[in-house]
Amino acid sequence: MSTDTAEQQRAHRLHAWQIELIERTDRPDVRTLAGSVTGVNQGENEVSIRQDRGLTWLYRMWESDRRPGRFHLYTPATGRVHEITSRQAVLLRAARWNPSGVSAPEGPGAPDGASVSEAEIDELASLIMPFDGPGWQFPDLPPDARIEQPRVRVLMLNPTEQCNIRCTYCYYGGAYPGTRPHRTASPEKDMVRAAIDLFVTGEERLEPAQRAVYFFGGEPLMAFDQLKESVLALEERKREVGSRLENLIVQVNTNGMLLTPEIVGFLVEHDIYLNISVDGPNHDRYRIDRRGKGTHDRVRERADWLAENWPDYFASRVAIICVLSAPLDEGTLYRYFSEWPAALRALAWDFDLLLPGGEESYADFQQMFAEQRRVWDLFVASHRLPYDEREQSGRYRFAFSHGFLHRSFHRALNQPERDGGPQLGHLLGVQLVPGNEYLVLGSDGTLYSSYEYQSPDFAVGHTDRGVDPLAGVEQLGMFRDAVQAGSCRTCWAAPMCTVTVPEAPFRASDPAGTVREKVAAKQARCMSERENLVQGLRARADIEAAFGPHALRGHREDWARQAEGGSRVDYFNG
């Protein structure tokens, strides 16, 4: 790898005034008393930050709502979960006490109206392990960070940017700023072939890992001829270079309305996975056509037709994708899918959160959180069943099909233990430099690092010249500056957080108003992330307490298998 010049290093940094603005606007709610700081993260009502005499205490405490009277403490400096006493819980919740070991003032602000003894403070300190400094220290980019030879594990192709419907929550329907609109543009054949060549010829530089080519859009079936040509070009290029790609998945995401016998025959012949979007009871609220009419009945008809006429393919290659949106009613959602015969025959369900209408709809979070907790309760209760029976349970399948649940639970359960210091070895959810492993082909040949944001800010190259070795590094450097400047420094969830570059897309070109808008969007995303992770921690503790450690064994084994089959190309974790 070559070394960046000082000028290049500055190019992937935010300006000092932007960093100062983020510091002022992206921060927890803090109170200072006699030099001691107590803080609460936005969207939470539990004290989780204490700072005193150069020490920072970060933690998350909760009382089990499934087993009242039992309290647990998560200590992010170590990655451990402890059961604690009710007295310790009261101390940790108190707005006023001095965590240096000096007695706190008596009165209403102190726990139980009594002073805090040094012994009690020492006991809590032994669990939490406060560290020196103002908060987490996130890794910086190495001075020689570049992408000289990109390793493409996931390639996303858009046969067309046009769509036959107009979902109001679509990234390209105007709900999200800075993204391309729906239009009739499609990439040229030579652009597709160049992207495929980048994908196939990079195979030897990857560990044996799952690889994927995804077709999105627009609606990819509106350009079925281009999709077909792309699949055949992929197979031809594999033969030319003698590529194995033994773990390759080719997948099409569709609204399903354009499925025909010809299209299905091709998908079956070439062993292509299919995701059909059906939003259940809320489908017609957001998934509308150009006339503003709902599309539910037309999508259901095609899904039923596919399940009836190609039952083996449907059961082995077709998943139902459901976007969770407000108003969310999990009971109604469960009845919808459990009473739909075709859905029961599908390979998988995938329910996940997207915010209809863009950033303004973050106000819907609170209602959705309450409904999400019902899913967590269902998930925890299902662990009374033995592993094999649980895997066959429809209620367990429904709960674990929620993306927010399985992602958060696995992180809460399987995070590695830490040494207690402030230095983090990773940058939130970042596992790679943008432009490495994951590439999206735009209609004009531009290569992007983000599917959601196909905009110049996320361009990492072009099929004519390949991946720019510094473009992704610049994106990551500015993300790192924003993370180090904001509330992430004192967030208890930082070691488990999945927030990554597209979710905090700060740029050196942003004016002050744009910085503030991005901070507001990030804070809402952080609120969602913390809610999901604390529910994951609660579920972990409650499952073990109610059903024993063996009830978690299957999840740990699943995580280990995924780790073995994955590929990490990461400047932070190595």
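All values derive from a computational prediction rather than experimental measurement.

*Asks:* Looking at this structure, how should I read the overall build of the chain?
*Replies:* Scanning the chain from N- to C-terminus turns up 19 helices and 18 strands. Buried positions account for 57% of the 574 residues belonging to the chain. As displayed, the chain offers around 24,000 Å² of accessible surface, 48% of which is attributable to carbon and sulfur atoms.

*Asks:* Would you mind going over the pattern of salt bridges with me for this structure?
*Replies:* In a structure, side chains of opposite charge can pair up when their charged atoms sit close to one another. Summed over all chains, the structure comprises 31 salt bridges. A salt bridge links Arg374 to Asp329, with the nearest nitrogen and oxygen atoms 3.9 Å apart. Here Arg374 is found in helix 13 (residues 365-381), whereas its partner Asp329 is found in the loop between strand 13 (318-324) and helix 11 (330-338), with 45 residues between them in sequence. With a relative accessible area of 44%, Arg374 lands in the partly exposed category.

*Asks:* Can you help me understand the packing of helix 13 against helix 16 (residues 403-414) in this one?
*Replies:* Two numbers describe a pair of packed helices, the interaxial angle and the distance between the axes. One way to put it is that helix 13 packs onto helix 16 with a least axis distance of 10 Å and a crossing angle of 60°. One finds that helix 13 runs oblique with respect to helix 16. Along this stretch, helix 13 crosses helix 16, giving a crossing that reads as right-handed. Across from Gln372, Val375, Trp376 and Phe379 in helix 13, the residues of helix 16 making contact are Phe404, Leu405, Ser408 and Phe409. Of the residues in the contact of helix 13 with helix 16, the class split is 6 nonpolar, 2 polar and no charged.

*Asks:* Can you help me understand the nonpolar core in this one?
*Replies:* Soluble globular proteins: nonpolar side chains tend toward being buried together. Core analysis: the largest hydrophobic core is formed by 123 residues, its most contacted members being Leu306, Phe337 and Phe379. Per-element tally for this core: the top contributor is helix 17 (residues 471-485), with 8 residues. Here Phe379 is in contact with Tyr396, Ala399, Phe400, Leu405, Phe409, Ala539, Ile543 and His555, once residues within four sequence places are set aside. Counting 15 residues, the second-largest nonpolar core is a separate cluster that includes Val40, Trp57, Leu73 and Leu124.

*Asks:* Got a minute to help me understand the sheet that holds strand 1 (residues 29-33) in this structure?
*Replies:* Strands belonging to one sheet form pairs held by backbone hydrogen bonds; the direction of such a pair is parallel or antiparallel. Read from one edge to the other, the open sheet built from 5 strands follows the order 1-2-3-4-8, with strand pairing classed as antiparallel. Edge positions in the open sheet fall to strand 1 and strand 8 (131-132), since each of these has one partner strand only. Direction of pairing for strand 3 (residues 49-52) relative to strand 4 (residues 55-58): antiparallel, over a ladder of 4 bridges. Bridging from a neighbouring strand, Ile49 pairs with Leu58 of strand 4.

*Asks:* Where do I start with helix 17 in this structure?
*Replies:* Every α-helical turn comprises 3.6 residues, leaving residues that sit three or four positions apart pointing alike. Between its terminal C-alpha atoms helix 17 stretches 22 Å, which fits the 21 Å expected from 15 residues at 1.5 Å a residue. The element helix 17 is extensively covered by neighbouring structure, given that 13 of its 15 residues are classed as buried.

*Asks:* Is there a simple way to explain the packing of aromatic side chains in this structure?
*Replies:* In this description, an aromatic ring pair is defined by two values, namely the gap between the centres and the angle between the planes. Under the defined criterion, the tally for this structure stands at 23 aromatic pairs. Measuring from ring centre to ring centre gives 6.1 Å for Tyr169 and Tyr286, while their planes differ by 45°; the resulting arrangement is tilted. Here the residue Tyr169 occupies a position in the loop between strand 9 (152-157) and helix 5 (189-201), and Tyr286 occupies one in helix 8 (residues 283-286), the gap between them amounting to 117 residues. For the pair Tyr169 and Tyr286, a shared accessibility class is recorded, and that class is buried. Of the aromatic side chains, those joined through ring pairs into one cluster are Tyr334, Tyr336, Phe337, Trp340, Trp349, Phe351 and Phe398. Seen from the ring of Phe199, Arg211 lies directly overhead, with NZ or CZ sitting 4.3 Å from the centre.

*Asks:* Can you help me understand the packing of helix 3 (residues 86-93) against helix 4 (residues 118-128) in this one?
*Replies:* Across the interface, helix 3 lies against helix 4 with an axial gap of 11 Å and an inter-helix angle of 85°. As the angle between them shows, helix 3 and helix 4 are arranged roughly perpendicular. Contacts between helix 3 and helix 4 involve Arg87, Gln88, Leu91 and Leu92 from the first element and Glu120, Glu123, Leu124, Leu127 and Ile128 from the second. Broken down by class, the residue content of the contact of helix 3 with helix 4 amounts to 5 nonpolar, 1 polar and 3 charged.

*Asks:* Would you explain the sheet that holds strand 17 (residues 459-462) in this entry?
*Replies:* With mixed pairing, 10 strands are arranged side by side in an open sheet as 14-13-12-11-10-9-15-16-17-18. Strand pairing shows two members of the sheet lacking a second neighbour, strand 14 (348-353) and strand 18 (466-467), which therefore form its edges. Pairing geometry for strand 9 and strand 10 (residues 211-215), over 4 bridges, is parallel. If you follow Leu157 over to strand 10, its bridge partner there is Phe215. Here helix 5 sits on the sheet and contacts strand 9, strand 10, strand 11 (248-254), strand 15 (437-441), strand 16 (446-448) and strand 18; the angle it forms with strand 9, its principal contact strand, is near 160°.

*Asks:* How do you make sense of helix 4 when you look at a structure like this?
*Replies:* Here helix 4 has its buried residues at Glu120, Ile121, Leu124, Leu127 and Ile128. In an axial view of helix 4, the angular spread of the buried residues amounts to 120°, which keeps them on one side of the axis. Residues of helix 4 that are exposed and angled more than 90 degrees away from the buried face: Glu118, Ala119, Asp122 and Ser126. Close packing links the buried residues of helix 4 with strand 4, strand 6 (71-75), strand 7 (80-84) and helix 3. A positive backbone phi angle near 60° is found at Met129, which sits one or two residues after helix 4.

Thresholds applied
For every chain, the first residue of its written sequence is number 1, and the numbers climb from 1 along that sequence. Per-residue local features of the predicted model are confined to residues with pLDDT of at least 70, and side-chain atom pairs are confined, for both listing and counting, to 80 or more; whole-chain, interface and lining totals are unaffected and use all residues. As a rule here, side-chain values cover all heavy atoms of the structure and leave hydrogens and water aside. Runs of H or I in DSSP of at least four residues are treated as helices and runs of E of at least two as strands, each being numbered from the N terminus. Note on exposure labels: buried denotes an accessible area under 20% of the residue type's maximum, exposed denotes more than 50%, and partly exposed covers the range between, all computed with a 1.4 Å probe on protein chains only. We get accessible surface area from the Shrake-Rupley algorithm with a probe of 1.4 Å; when it comes to residues, only the shown protein chains can shield them. Salt bridges are counted wherever a side-chain nitrogen of Lys or Arg sits within 4 Å of a carboxyl oxygen of Asp or Glu. An axis is simply a line fitted to the C-alpha atoms; with a helix, the fit covers only the stretch in contact. Between two such axes, the angle follows the N-to-C directions and lies from 0 to 180 degrees. Here the angle decides the label: under 35 degrees means roughly parallel, over 145 means roughly antiparallel, 65 to 115 means roughly perpendicular, and every other value means oblique. The handedness criterion is simple: a crossing whose near helix is rotated anticlockwise from the far helix by less than a right angle is left-handed, and one whose near helix is rotated clockwise is right-handed. Contacts between residues were defined by any pair of non-hydrogen atoms, one from each residue, lying within 4.5 Å. Each residue is assigned to one class: nonpolar for Ala, Val, Leu, Ile, Met, Phe, Trp, Tyr, Cys and Pro, charged for Asp, Glu, Lys and Arg, and polar for all the others, Gly among them. Put simply, a nonpolar core is a bunch of buried Ala, Val, Leu, Ile, Met, Phe, Trp, Tyr and Cys residues held in one set by side-chain atoms that sit within 4.5 Å of each other. When DSSP finds at least two bridges between two strands, those strands are taken to pair. A helix is expected to span 1.5 Å for every residue after the first. Here the aromatic set is Phe, Tyr and Trp, taking the six-membered ring for Trp, and pairing holds for ring centres within 6.5 Å; pairs whose planes are under 30 degrees apart are stacked, those over 60 apart are edge-to-face, and all others are tilted. We count a charge as sitting over a ring when the NZ of a lysine or the CZ of an arginine lies within 6 Å of the ring centre and within 35 degrees of the ring normal. Note that the arc is computed from the directions linking the helix axis to the C-beta atoms.

Interpretation note: all reported values are geometric properties and have no functional meaning in isolation.
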